[in-house]
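# Survey of secondary and tertiary structure
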Amino acid sequence: MTTSAKARPRTASRSRARTPTQLNLYAYQVGFGDCFLLQFLYGSEDSDRRHVLIDFGTTGLKADSGSNRMQQIAEDIRNKCGRRGLDAIVATHRHADHISGFATRVNGDGPGDIIRSLKPRVVLQPWTEDLALATNASGPGVGLRAPRGTNLGAAAALTAMNGLAEQVASWAQSRPKGLPMALIERLDFLGRDNTKNVSAVENLAHMGESGRRVYAHYGVDDPFKTLLPGVKTKVLGPPTVEQYPAIQKQRSSDDAEFWHFQSRAATTADTVARGRGPFAAEYVFAKHGKLPRESRWAADRINGARGTQLLGIVTMLDRAMNNTSLILLFEIAGKRLLFPGDAQIENWSYALSQPGIVETLAEVDLYKVGHHGSLNATPRSLWSQFKKRGGTGRPDRMTSVLSTMAGKHGSEDKRTEVPRRTLVEMLKDDTHFHSTQEMDSGD
C-alpha cells in the first residue's frame, strides 16, 4: 500500500529542493507487525531522495505469504533506496512484531543482512535499548554506565521480562494438557513477541556502530536534523522514569480513554509458578504414565489456573514493553505525520500533559494507528483533538494507516480484540482509512 502527498516547495526549482516536494509512504503487508518506508523526494534524481525505515517485524504472516516474505520485503526496500542506501532506521521498541525482520542469518542472506547492506546513517531507538545502559538506570546517563561491548542489556527489568517471556513461550509450546487451545496459542504468541530477538537486537546495534546511534526519549534534539533538510522530527515519547515515574505502571482499564463500552476486570498476578509444577513428567512416568485417578480432576484445574495466571503476567509484560515505544512527529511543509509505534496510555499521558503538545497534534494530517489498532494505544483525548477528522467531503481530511491482522491479539468477548472494532469504525468514518489487513500477501 502506498499513500502519497504533495508538499509546497520552498524553492522554485524541483531539483535539490531544500524542502521535500513529495512524500511517499510504503506500508508493507507483514501480517501482525509493522513495516513502513518513508521516501522524501527533493528532486528528480535518485540522489535527491531520502529514506527512513520505521520498524520491520512480524509475529504472524498471512497463510499464503511464503517463508521468504520478509526477505522479499527487504529486497524491495533495497530497490527503493537505490545507490544512496538507507538514511535512517527507526526501531520503535523491542517487540518481535516490530524488529524480527532485522534478524540475520549465518549464510548472510537474511532480511537483516540486506537491510544492514544499505548502511543506514542513523539508527534511532528508545533510550531503554542502549546496550551499555546501567542495569539500574532510570534514564540515559542516569546511573553508572558499563563499558561499551559488555552487552549487559538495557535495564534489569527489561532483561527479566524477556527471560520470563521465553519461559512462558517454551511452556506454551509444550502444549500442556488441560489447557484450552485458545489459551495455549495466546500464551505462545505473547511469549514469543516479548522474547529477546537477540539476532535483531545485535544487528541494530551493529548498524548503529557503522553510522550514528541515537537512544531517544521525550524532548531530545531532532535526531534527523542533518539527514532530512526541511523536515522537523519531534520525539514525543517514551519519557524517562525520571520524567514520568508512572511509565512503570500499566493501566488495565480506562473508560474515558480506551475503546470499549464498559470496564473490565484485569487478570493480574504477582508471582509465577516456578520449576516443573506439581505434576512433573518424572512423577507421571513413575506412575506408569498416568496420575492417580483421584488426582486427575485437580491436575486439570491447577494447570488451567497456572495458565490463566501466566497469561495475566505476560500480558502485563507486553504492556510494559509497549510503554518503551518511540512516538515520532514529522513536520514537512505544513504537513504533520504521527508515528507512535505501540505506545500505550502511560507513554501518551506524559506527552499530552506537556505545554503545546495537544495543540501541535491537533493539526496531524497522517496518523499511523498505534499498536495495530488496540483499545488503549489511541487515547480518546488524543483522537478528540484531531481537527482534521471528518466526512469524505472535507478537503483537508486526515489519513490513517493501520498495520494489523485480526485474530492474533485480545478477545472479542472481552472487547479487547485487535484491531478494536469501535476504533476501526471511527477511523473509517472520519479519515481516509488504509489497512494492511485489506491487502494481499504480496502487497
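Residues numbered from 1 in each chain as written. Predicted model: local features only at pLDDT ≥ 70, side-chain atom pairs only at ≥ 80, totals over all residues. Heavy atoms only, no water.

### As for the overall build of the protein
A count of helical and extended segments in the protein gives 12 helices and 13 strands. For the protein, with 443 residues in total, the buried portion stands at 56%. In the protein, once contacts between residues fewer than 6 apart in sequence are set aside, the share between residues at least 24 apart is 70%. Put simply, the protein shows about 19400 Å² of open surface, and 49% of that area lies on carbon and sulfur atoms. (Helix = DSSP H or I, 4+ residues; strand = E, 2+ residues; numbered from the N terminus. Buried < 20%, exposed > 50% of the residue type's maximum accessible area, 1.4 Å probe, protein only. Contact = heavy atoms within 4.5 Å. Areas by Shrake-Rupley, 256 points an atom, 1.4 Å probe, with all protein chains shown as cover.)

### Topic: the pattern of salt bridges
Applying the stated criterion across every chain yields a total of 15 salt bridges. A salt bridge links Arg 105 to Asp 109, with the shortest nitrogen-to-oxygen separation between them at 3.6 Å. Residue Arg 105 is classed as partly exposed on the basis of its relative accessible area, which comes to 38%. Several salt bridges converge on common partners, so that one network encompasses Arg 84, Asp 87 and Arg 121. (Salt bridge = Lys/Arg side-chain N within 4 Å of Asp/Glu carboxyl O.)

### A look at helix α6 (residues 198-210)
Between its first and last C-alpha atoms α6 spans 19 Å; for 13 residues at 1.5 Å apiece the expected length is 18 Å, and the two agree. Taken residue by residue, α6 has Ala 200, Val 201, Asn 203, Leu 204, Ala 205, Met 207 and Gly 208 as its buried positions. (Expected span 1.5 Å × (residues − 1).)

### Notes on the nonpolar core
Inside soluble globular proteins, nonpolar side chains tend to come together where they are buried. Counting 29 residues, the largest nonpolar core has Leu 38, Phe 40, Phe 224, Phe 330 and Phe 339 as its most contacted members. Apart from residues no more than four positions distant in its own chain, Phe 330 is found in contact with Leu 38, Ile 54, Phe 224, Val 231, Lys 232, Thr 233, Lys 335, Arg 336, Leu 337 and Phe 339. In this structure, Tyr 26, Tyr 28, Ile 115 and Leu 118 belong to the second largest nonpolar core, which totals 25 residues. (Core = buried A, V, L, I, M, F, W, Y, C linked by side-chain atoms within 4.5 Å.)

### Digging into the environment of Ile 327
Here Ile 327 lies in strand β9 (residues 327-332). When its relative accessible area of 0% is taken as the criterion, Ile 327 is described as buried. Taking the C-alpha atoms as reference points, Ile 327 and Ala 351, 24 residues apart in sequence, are found 9.2 Å from one another. Among all residues touching Ile 327, those that are not within four sequence positions of it are Lys 234, Val 235, Leu 236, Gly 237, Leu 338, Phe 339, Pro 340, Ala 343, Asn 347 and Trp 348.

### Quick notes on the confidence of the model for the protein
Overall, the prediction assigns the protein a mean pLDDT of 77, with 65% of residues at 70 or greater. pLDDT under 50 marks residues 142-155. Its contacts with residues more than four places away, or in other chains, come to 31 contacts. Below pLDDT 50 for its whole length, residues 294-302 participates in 7 contacts with residues either more than four positions away or in separate chains. (pLDDT = per-residue confidence, 0-100.)

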